[in-house]
Amino acid sequence: DPKIIQKPKYLVAVTGSEKILICEQYLGHNAMYWYRQSAKKPLEFMFSYSYQKLMDNQTASSRFQPQSSKKNHLDLQITALKPDDSATYFCASSQDRDRGRNTEVFFGKGTRLTVV
Amino acid sequence: GDSVTQTEGQVALSEEDFLTIHCNYSASGYPALFWYVQYPGEGPQFLFRASRDKEKGSSRGFEATYDKGTTSFHLRKASVQESDSAVYYCALGAYQGGRALIFGTGTTVSVSP
């Protein structure tokens, strides 16, 4: 059974639109993350959350907004979509002993976003 | 800032060949080092880690030794199988902030029977 559920698996969006990528984890972890993978920048860190609080944001654009409504949820809202946003977005989690610096980080299967 | 460099972008091997993927890092402090593997359609999966100088990490026949002197964590496997075909990522645990893992660019390994 997948422990980190990402929805949808595939997503096609029109330029300028807004989408929300869903992530739920059932590992009991307190730290959650978003990573982006594209041909240009493989596995690029975006955000980290710890106990539902934003800890680090390496995304330059405010168009990307994480949302944590529950402890085990970390959704990603993307507004004013651009073709350059096309990528696979991975949600991940870890125990929060040191926010993943020294512990295993678990990844979901990703949401593949295509912006046309 | 912290970074990881993987030298090989693609490696093509035959079964039973020896695999080496070079990984060098640049970081302040004493980061933990990791290897992750990614299969098509999947997210990266933890392979193993090492946390201190000269420590060897290993899993599924893969191994790497943390070398602080050369800032390296090279991945090796003595005899690869077709099922080892995947993308391999070296990563370091970011020492500051909440960034967690910083990944290298990945190495695509293709093993032919």
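Scope of this entry: the structure provided in the associated data block. (Residues numbered from 1 in each chain as written. Chains lettered and ligands numbered in written order. Predicted model: local features only at pLDDT ≥ 70, side-chain atom pairs only at ≥ 80, totals over all residues. Heavy atoms only, no water.)

1. Considering the state of the cysteines
A covalent bond between the sulfur atoms of two cysteines is referred to as a disulfide.
Residue and element names in this part refer to chain A.
Phase 1 of the analysis: As enumerated under the stated definition, the model contains two disulfides over all chains in all.
Phase 2 of the analysis: Disulfide partner of Cys23: Cys91, at an S-S distance of 1.9 Å. What sets the handedness of the Cys23 and Cys91 disulfide is the S-S torsion sign, and at about -70° it is left-handed. In this pair, Cys23 sits in strand S3 (residues 19–25) while Cys91 sits in strand S9 (residues 87–94), placing the two residues 68 residues apart along the sequence. The two residues Cys23 and Cys91 agree in class, both being buried. (Disulfide = S-S within 2.5 Å. Helix = DSSP H or I, 4+ residues; strand = E, 2+ residues; numbered from the N terminus. Buried < 20%, exposed > 50% of the residue type's maximum accessible area, 1.4 Å probe, protein only.)

2. What about the sheet that holds strand S7 (residues 56–59) of chain B?
Residue and element names in this part refer to chain B.
Phase 1 of the analysis: Here we have four strands laid out as an open sheet, ordered S3-S9-S8-S7, and antiparallel in their pairing. A single partner strand is all that each edge strand has here, and the edge strands are strand S3 (19–21) and S7. If you compare each strand with its neighbour and ignore which way they point, the axes differ by 15° on average.
Phase 2 of the analysis: Sheet topology places strand S8 (residues 62–65) next to strand S9 (residues 75–77); two bridges connect them, and they run antiparallel. Pairing of Glu63 across the sheet is with Arg76, part of S9. (Pairing = 2+ DSSP bridges. Axes fitted to C-alpha atoms, helices over the stretch in contact; angles between N-to-C directions.)

3. Things to note about the nonpolar core
Phase 1 of the analysis: The biggest cluster of nonpolar side chains holds 27 residues, and the ones touching the most others in it are Leu19, Trp35, Leu47, Phe48, Phe73, Leu75 and Tyr88 of chain B.
Phase 2 of the analysis: Every element with two or more residues in this core is listed here: strand S2 (10–14), S3, strand S4 (23–26), strand S5 (33–38), strand S6 (45–50), S8, strand S10 (86–93) and strand S12 (107–112) of chain B.
Phase 3 of the analysis: In terms of residue count, the dominant contributor to this core is S10 of chain B (four residues).
Phase 4 of the analysis: Those residues in contact with Leu47 of chain B that lie beyond four places of it in its chain are Trp35, Tyr36, Val37, Ser59, Arg60, Phe62, Leu75 and Tyr88 of chain B.
Phase 5 of the analysis: Counting residues in hydrophobic clusters, the runner-up holds 20 residues, among them Leu21, Trp34, Leu74 and Tyr89 of chain A. (Core = buried A, V, L, I, M, F, W, Y, C linked by side-chain atoms within 4.5 Å. Contact = heavy atoms within 4.5 Å.)

4. Digging into empty space enclosed by the protein
Residues and elements named next belong to chain A.
Phase 1 of the analysis: Considering all chains together, one arrives at one cavity of 30 Å³ or more under this definition.
Phase 2 of the analysis: Considered as a void within the structure, the largest cavity measures approximately 30 Å³ in volume.
Phase 3 of the analysis: In terms of lining residues, the largest cavity is bounded by Asn30, Met32, Tyr49, Gln52, Ser68, Lys71 and His73.
Phase 4 of the analysis: Split into classes, the residues belonging to the lining of the largest cavity amount to two nonpolar, four polar and one charged. (1 Å grid on protein atoms, 1.4 Å probe; cavity = no way out; pocket = protein on both sides within 12 Å on 5 of 7 lines; lining within 4 Å. Points joined across faces, edges and corners; volume = space filled by probe spheres on them. Nonpolar A, V, L, I, M, F, W, Y, C, P; charged D, E, K, R; others polar.)

5. Here we look at the side chain of Ser94 of chain A
Phase 1 of the analysis: Mapped onto the elements of the fold, Ser94 of chain A is located in strand S9.
Phase 2 of the analysis: A distance of 2.6 Å separates a polar atom in the side chain of Ser94 of chain A from a polar atom in the side chain of Tyr33 of chain A. (Polar contact = N/O pair within 3.5 Å; in protein donor to acceptor, adjacent residues only side chain to side chain.)

6. Considering the sheet that holds strand S1 (residues 4–7) of chain A
Residues and elements named next belong to chain A.
Phase 1 of the analysis: Taking strand neighbours across the sheet as the criterion, the four strands line up as S1-S3-S8-S7 in an open arrangement whose pairing is antiparallel. Of all the strands in the sheet, just S1 and strand S7 (64–67) have a single pairing partner and so form its edges. Taking the axes of each pair of neighbouring strands and ignoring which way they run, one obtains an average angle of 15° across the sheet.
Phase 2 of the analysis: As paired elements, S3 and strand S8 (residues 75–78) share three bridges and run antiparallel to each other. Pairing of Ile20 across the sheet is with Gln77, part of S8.

7. Points about the pattern of salt bridges
Phase 1 of the analysis: All told, the structure shown has eight salt bridges over all chains when counted by the stated rule.
Phase 2 of the analysis: The closest approach of N and O atoms between Asp84 of chain B and Lys77 of chain B, which form a salt bridge, is 2.8 Å.
Phase 3 of the analysis: Looking at Asp84 of chain B, the relative accessible area reads 8%, which means it is buried.
Phase 4 of the analysis: Look at the salt bridges and you will find they share partners, linking Arg36, Lys41 and Glu44 of chain A into a network. (Salt bridge = Lys/Arg side-chain N within 4 Å of Asp/Glu carboxyl O.)

8. Points about the packing of aromatic side chains
Phase 1 of the analysis: By the definition in use, this model includes 17 aromatic pairs over all chains.
Phase 2 of the analysis: Between Phe107 of chain A and Tyr36 of chain B the ring centres are 5.9 Å apart and the planes differ by 80°, which places this aromatic pair in the edge-to-face class. Of this pair, Phe107 of chain A sits in strand S10 (residues 106–107) while Tyr36 of chain B sits in strand S5, placing the two residues on different chains.
Phase 3 of the analysis: Judged by relative accessible area, which is 0%, Tyr36 of chain B ranks as buried.
Phase 4 of the analysis: The lysine or arginine in question, Lys68 of chain B, covers the ring of Tyr30 of chain B, its NZ or CZ lying 4.5 Å from the ring centre. (Phe/Tyr/Trp six-rings, centres within 6.5 Å; stacked < 30°, edge-to-face > 60°. Lys NZ or Arg CZ within 6 Å of the ring centre and 35° of its normal.)

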